[in-house]
Amino acid sequence: MAAHTLLVLAHPRTDSLTAQVAARLHARIEGEGGTVDVLDLYAEGFDPALRPEDEPDWENREKVYSPEVRAHMDRVLAGLLLPVTLMTADLGVLWLATPYLSADLRPSGAQLLWITDIYGFLTAATLVIMGTLGDRLGRRKLLMAGSAGFLLASVLAAYAPNAGTLIAARALLGIAGAAVLPSTLALISHMFADARQRATAIAMWVTALSVGLAIGPVIGGVLLASWWWGSVFLMGLPVMLIALVTAPLLLPEYRDPNPGRLDPASVLLFLLAVLPLVYGVKSLAAHGPTAEAALAFALGAAFTTLFVRRQNRLESPLLDLRLFRNRSFTGALLTLLLGMTALNGVEYLVPQYLQAVAGLPPLEAGLWLLPGAAGLIAGSQLTPFVARRIRPAYVLAGGLLVSLAGYAVIALAEGVTVAALGLAVIMFGAAPISVLGTALAVGSAPAEKAGAAAATGQTAYDLGLALGIAVTGSVAVAVYRGGIPADAPAAAHESVGAALALPDEGLREQAREAFTTALHSASALSAVFALVTAVVVLTLLRKVPRS
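Since the model is a prediction, treat every value here as computed from it, not as a measurement.

Reading guide: rules and limits
Starting from 1, residues in each chain are numbered consecutively following that chain's sequence as written. It should be noted that, the model being predicted, local features are given only for residues of pLDDT at least 70 and side-chain atom pairs only at 80 or more, the latter also being counted only at that level, while totals for whole chains, interfaces and linings use all residues. Hydrogen atoms and water are omitted, and side-chain values are computed over all heavy atoms in the structure. Only DSSP runs of H or I reaching four residues or more are called helices, and only runs of E reaching two or more are called strands; each is numbered from the N terminus. Note on classification: 1.4 Å probe, protein chains only; a residue is buried when its accessible area is under 20% of the maximum for its type, exposed when over 50%, partly exposed between these limits. Method for areas: the Shrake-Rupley scheme with a 1.4 Å probe, in which residue coverage is limited to the protein chains shown. To define axes, lines are fitted to C-alpha atoms, for helices over the stretch in contact only, and angles between the resulting N-to-C directions are given on a 0 to 180 degree scale. Each angle gets one of four labels, with under 35 degrees taken as roughly parallel, over 145 as roughly antiparallel, 65 to 115 as roughly perpendicular, and the rest as oblique. Crossing handedness: left-handed means the near helix sits turned counterclockwise from the far one by under a right angle, and right-handed means the same turn made clockwise. Residues were grouped as follows: Ala, Val, Leu, Ile, Met, Phe, Trp, Tyr, Cys and Pro as nonpolar; Asp, Glu, Lys and Arg as charged; and all remaining residues, including Gly, as polar. By definition here, a helix of n residues has an expected span of 1.5 Å times n minus one. What counts as a ring pair is set by centres within 6.5 Å for rings of Phe, Tyr and Trp (its six-membered ring), and what kind of pair is set by the plane angle: stacked under 30 degrees, edge-to-face over 60, tilted for all other angles. The rule is short: NZ of Lys or CZ of Arg within 6 Å of the ring centre and within 35 degrees of the ring normal puts a charge over the ring. By definition in these notes, contact holds between two residues if any of their heavy atoms fall within 4.5 Å. When a carboxyl oxygen of Asp or Glu lies within 4 Å of a side-chain nitrogen of Lys or Arg, that pair is called a salt bridge. Grouping buried Ala, Val, Leu, Ile, Met, Phe, Trp, Tyr and Cys residues that are joined through side-chain atoms within 4.5 Å yields what is termed a nonpolar core. Residues enter a patch when their relative accessible area is above 30% and they make no salt bridge; the linking distance is 9 Å between like charges and 5 Å between nonpolar side chains (Val, Leu, Ile, Met, Phe, Trp, Tyr). A score from 0 to 100, pLDDT tells how confident the predictor is in each residue. One axis is fitted to the seven residues ending at the residue and one to the seven starting there. The bend at that residue is the angle between these axes.

**Things to note about the overall build of the protein**
- Scanning the protein from N- to C-terminus turns up 19 helices and zero strands.
- A buried classification covers 54% of the 547 residues belonging to the protein.
- For the protein, the computed accessible surface area is about 22500 Å², with 65% contributed by carbon and sulfur atoms.

**Digging into the packing of helix α11 (residues 327-357) against helix α19 (residues 505-540)**
- The interhelical angle for the contact between α11 and α19, taken along N-to-C directions, is 165 degrees, at an axis separation of 9 Å. It follows that α11 is roughly antiparallel to α19 by the angle criterion. Relative to α19, α11 is oriented so that their crossing is left-handed.
- Classifying every residue of the contact of α11 with α19 gives 18 nonpolar, eleven polar and two charged.

**Focus on unusual backbone geometry**
- Of note in the backbone geometry, R106 takes a positive phi value of approximately 50 degrees without being a glycine.
- When you line up the elements, R106 lands in the loop between α2 (67-105) and α3 (109-137).

**Looking at helix α10 (residues 291-313)**
- Taking 1.5 Å as the rise per residue, α10 with 23 residues should run 33 Å; its terminal C-alpha atoms sit 34 Å apart, in good agreement.
- All of the buried residues in α10 are A293, A296, G300, F307 and Q311.

**Brief notes about the packing of aromatic side chains**
- Per the counting criterion, the structure on display carries four aromatic pairs.
- Ring geometry for W229 against F233: centres 6.4 Å apart, planes inclined by 85 degrees, an arrangement best described as edge-to-face. Here the two residues W229 and F233 agree in accessibility, since each one is buried.
- Over the face of the ring belonging to F385 we find R389, whose NZ or CZ atom lies 4.0 Å from the ring centre.

**Considering the side chain of T472**
- Turning to its location among the elements, T472 is positioned in helix α16 (residues 450-482).
- Take T472: its relative accessible area is 0%, and that puts it in the buried class.
- The residues contacting T472, other than those within four sequence positions of it, are T341, G345, L467, A522, L525, S526 and F529.

**As for the pattern of salt bridges**
- All chains considered together, the criterion is met by three salt bridges.
- Here R508 ties to E505 by a salt bridge, and the two come within 2.3 Å at their closest N and O atoms. Pair noted here: R508 and E505 are both in helix α19, with a separation of three residues, about one helical turn.
- Exposure remark for R508: the relative accessible area of 17% places this residue in the buried category.
- Classification of E505 as partly exposed rests on a relative accessible area of 41%.
- With a closest N to O distance of 3.6 Å, R512 and E505 form a salt bridge.
- Sharing partners across several salt bridges, the network here consists of E505, R508, E509 and R512.

**Overview of the nonpolar core**
- Membership of the largest hydrophobic core comes to 127 residues, with the highest contact counts inside it found for L166, W205, W229, F233, V350, L354 and Y480.
- Excluding residues within four positions of it along the chain, L354 makes contact with G359, L360, A365, W368, L369, V416 and A419.
- Of all hydrophobic cores here, the second largest spans 15 residues; its members include I129, V278, F307 and L318.

**Side note on the environment of L376**
- One can find L376 in helix α13 (residues 370-387).
- C-alpha separation for the pair L376 and P432, spaced 56 residues apart in sequence, amounts to 9.1 Å.

**Quick word on a nonpolar patch on the surface**
- On the surface, V155, Y159, W227 and W228 cluster together into a nonpolar patch covering about 460 Å² of accessible area.
- Within the secondary structure, V155 sits in helix α4 (residues 139-158).
- Of the residues examined, V155 reaches a relative accessible area of 37% and is grouped as partly exposed.

**A closer look at the confidence of the model for the protein**
- Summing up the model confidence of the protein, the mean pLDDT is 76 and the portion of residues at 70 or higher is 78%.
- Averaged pLDDT values for the elements of the protein fall to 50 in helix α1 (residues 16-31) and rise to 91 in helix α14 (residues 392-412).
- Predicted confidence for residues 1-21 stays below pLDDT 50, and this span has 53 contacts to residues more than four positions away or in other chains.

**So, the packing of α13 against helix α15 (residues 416-443)**
- Running from N to C, α13 and α15 point in directions that differ by 35 degrees, and their axes come no closer than 7 Å. Viewed along their axes, α13 and α15 form a crossing whose handedness is right-handed. Counting all contacts with α13, which are made through P371, G372, G375, L376, A378, G379, S380, L382, T383, P384 and A387, the residues of α15 involved are A420, L423, A424, M427, F428, A431, P432, V435 and L436.
- Per-class residue counts for the contact of α13 with α15 are 15 nonpolar, five polar and no charged.

**Re α15**
- Between its terminal C-alpha atoms α15 stretches 41 Å, which fits the 40 Å expected from 28 residues at 1.5 Å a residue.
- The sharpest bend along α15 measures roughly 35 degrees and falls at L436.
- The buried fraction of α15 amounts to 21 of the 28 residues, a majority that puts the element mostly inside the structure.

What follows is the structure, given as structure tokens:
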């Protein structure tokens, strides 16, 4: 038989059916005495989402889309979305538990902020590292390790005897979360090779985050109505146990066949660059300009310089800094960072306002947060539809203008209805950032750098969430303290939860008024961040075409 030449260009975005047919053509040609000059198939054309018994006959295309295979893919996706939902649900229940753990553990104002935002900071600081480890060890293996770590850290947090232990437990939860979130997104991107299927799966991934925000406060309210504050951390145990049991049965393993060498020095330099900068931001916000904050910034800047120089010299860098030369990539990261900073400062304070100022019990406060979660879900579902007709820059800028109205409502008025309505408008307007931000970052990067771009985008997203609490939350703490009389007990200056535990009714009323003023100030600051984000979007992303 005459020799045949087969040229196949395949990568993770290629339709899996094309790759499978090409691989079997290769085998048939060689079996019939022919030769293959070129074969460049990603992962040998094997779709790991299909088990051996489900793998289609290359001559029968219909089996690829059979009901059995579709049902299997649905089970796989459900197994990935469960831990994703838990990540945001766990965040929501902590907001409601803050007044109770404050009264029990008596943390300082700085410790309370660390309890809340150390999770996000450690997640952001270790996402790139975890993404690199997942490429080498396997995404499923890393997902299972992160789930197990989340289980252990949740138990430690639930029974923490003091604020220091709770901060350490939350730090461990952040590192475990860094292993879970990017692993689920990477597995989805790899398994759903068809572009439309992958887009649908990623939209469901974003929706899972929104659903977590919706059910978290309600479940937390139910738990806090009957149990102690630590019970909210145990909510995730059944979910993570299910993930651990089902992952080997439902999820394929995937690792980069040519990941390059892991550079331990880059990992160390990355942590030494990020963590001092995080500490400096928090120290500056909490205590003003101090020698301690200046030293932290100096150390962070020095290690950042060393990290950048090393990445530019390596053949396989931990973070490919050449990606930042692309205006669209840089604009997408700044949008994620600044947009989430604007959102999370207010989102963190509203649950405390509902309980501490309005005096709502946990379950009722959770129900009042449902409009905000509904706004996020509605915005997440509407964004892809609008983005197909309007350029993403205008979708993002329009959403940010909508969120400005929500920030204005909270900054200029007060009351339970006002807080719930304002948060719903903010969440609806901020939804396009969550949906389009990472997609823009990945879409602006070369195909072979898609994984690194996704990890960097997720880092910007989580760092923005943490900075929202650190910066806006620290400003709120300073405004609150300014509204408490200087001769009041020290506990009243630390947090509104501690002030409400004191017997002086007059002081408690002053604490409520001071916290309301702090919320107004935080909302005004968040509006400034949102406005800056809109300027960045229209400047750097204006030329990105609609999807």
